[in-house]
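# Fold and geometry: a report
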Amino acid sequence: MPAMSIPLALLALLAEAAFGYPDRLWRAIGHPVTWIGRLIAALDAALNDPARSAARRRVGGALALAIVVAVAGGAAWAAHQAIEAMLGAGAGLAVAALLASSLLAQRSLGSHVGAVARALETRGLAAGREAVSRIVGRDPEALDEAAVARAAIESLAENFSDGVVAPALWLAVAGLPGAAAYKAINTADSMIGHRTPRHRDFGRAAARLDDLVNLPASRLTALLVAAACPLVRGASARGAWRAVRRDARRH
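Below is a short write-up of the structure. (Residues numbered from 1 in each chain as written. Predicted model: local features only at pLDDT ≥ 70, side-chain atom pairs only at ≥ 80, totals over all residues. Heavy atoms only, no water.)

The next thing to look at is the packing of aromatic side chains. Applying the stated criterion to the full structure yields 1 aromatic pair. Ring centres of Tyr21 and Trp26 lie 6.2 Å apart, and the angle between their planes is 85 degrees; on these two criteria the pair is classed as edge-to-face. Given the relative accessible area of 22%, Tyr21 is considered partly exposed. (Phe/Tyr/Trp six-rings, centres within 6.5 Å; stacked < 30°, edge-to-face > 60°. Buried < 20%, exposed > 50% of the residue type's maximum accessible area, 1.4 Å probe, protein only.)

Put into structure tokens, the structure is as follows:
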């Protein structure tokens, strides 16, 4: 564990909570996840030939995953080294935290899920369906009010783990390269880790590795949710933990 990785993770969480990822910056240069996504798409096009055997597609998928993780982690390592060389340890830590904050999604997650709640409460079911369509992949037109709320809560739970807790955990464990490598794995899983005819074999390595790197974060997420219950009126830490023990194996 790098000496300053835990302070880096804490500073990054604070920076992202305060500022998020500015829309002007997104429009100007994009986002690290979109950069990673373009690389994954290019490797998918180059290495995932449907005419190849299943075994060769699995090898190609593992190679693509290794390239994406190496590029993301290596670029993050080089950036951090350059920042510290130019600015020194103290200022370098602050700038690295700003970079690392782009790999977290707590502010945007809260904003998008809160928008679903506000839409349902103030403008009704149609507005709630429109709001939830921005954060889930399913067709919202068949969802009633309870299903819209449930879809938002499910998205909140999943993305709290892989959009906040997991990148922060890997940031604390392995610094900026660790968080960047995690986002590369998670993005690869979301793009190619599906049991479709095209990606069933090519995306197997991404799906399996994503499961592995999310194991510690998913458990920590459950503990954090239970620990937060005393802060929420009517919530029960015991009930939350009982639900985790009952339902975790079904996911």
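Okay, back to it.
Attention shifts here to the pattern of salt bridges. The final tally for this structure, using the stated rule, is 6 salt bridges. Salt-bridge contacts for Arg57 lead to Asp201; the nearest nitrogen and oxygen are separated by 3.0 Å. Of this pair, Arg57 sits in helix α4 (residues 54-101) while Asp201 sits in the loop between α7 (145-192) and α8 (204-228), placing them 144 residues apart in sequence. With respect to burial, Arg57 and Asp201 carry one shared label: buried. Among the salt bridges present, the one from Asp247 reaches Arg250, with a minimum N-O distance of 3.4 Å. A relative accessible area of 62% places Arg250 in the exposed class. (Salt bridge = Lys/Arg side-chain N within 4 Å of Asp/Glu carboxyl O. Helix = DSSP H or I, 4+ residues; strand = E, 2+ residues; numbered from the N terminus.)

So, on to a nonpolar patch on the surface. Residues Met86, Leu87, Val95 and Leu99 make up a contiguous nonpolar surface patch of roughly 370 Å² in combined accessible area. Position of Met86 among the secondary structure elements: in helix α4. With relative accessibility at 64%, the residue Met86 sits in the exposed group. (Patch = residues over 30% accessible without salt bridge, like charges linked within 9 Å, V, L, I, M, F, W, Y side chains within 5 Å. Areas by Shrake-Rupley, 256 points an atom, 1.4 Å probe, with all protein chains shown as cover.)

This part covers the environment of Ala127. Within the secondary structure layout, Ala127 lies in helix α6 (residues 125-132). Taking C-alpha positions, Ala127 is 8.0 Å from Val116, a pair spaced 11 residues apart along the chain.

A separate point is a positive patch on the surface. On the surface, Arg195, Arg200, Arg204 and Arg208 cluster together into a patch of positive charge. Among the structural elements, Arg208 can be located in helix α8. (Lys, Arg positive; Asp, Glu negative; His and termini not counted. Charge placed at Lys NZ, Arg CZ, Asp CG, Glu CD.)

With that out of the way, let us pick up the packing of α7 against α8. Where α7 meets α8, the closest approach of the two axes is 9 Å, and the angle between their N-to-C directions is 125 degrees. Accordingly, the angle class assigned to the pair α7 and α8 is oblique. By crossing handedness, the relation of α7 to α8 is classed as left-handed. Its residues assigned to classes, the contact of α7 with α8 shows 18 nonpolar, 5 polar and 3 charged. (Axes fitted to C-alpha atoms, helices over the stretch in contact; angles between N-to-C directions. Parallel < 35°, antiparallel > 145°, perpendicular 65-115°, else oblique. Left-handed = near helix turned anticlockwise from the far one by under 90°. Nonpolar A, V, L, I, M, F, W, Y, C, P; charged D, E, K, R; others polar.)

Quick look at helix α3 (residues 32-47) now. The terminal C-alpha atoms of α3, which comprises 16 residues, lie 22 Å apart, in line with the 22 Å expected from a rise of 1.5 Å per residue. Those residues of α3 that sit buried are Pro32, Ile36, Gly37, Ile40, Leu43, Asp44 and Leu47. In a view along the axis of α3, the buried residues occupy a sector of 130 degrees, so they form one face of it. The outward face of α3, more than 90 degrees from its buried face, is lined by the exposed residues Arg38, Ala45 and Ala46. Turning to α3, the residues buried within the fold contact α4 and α7. (Expected span 1.5 Å × (residues − 1). Arc of directions from axis to C-beta. Contact = heavy atoms within 4.5 Å.)

Where α6 contacts α7, the two axes come as close as 10 Å, and the packing angle between them is 25 degrees. As judged from the angle between their axes, α6 and α7 are roughly parallel. The chirality of how α6 crosses α7 is left-handed. Side by side, α6 and α7 meet where Leu125, Gly128, Arg129 and Val132 of the first sit next to Glu145, Val148, Ala151 and Ala152 of the second. Counted by class, the contact of α6 with α7 contains 5 nonpolar, 1 polar and 2 charged residues.

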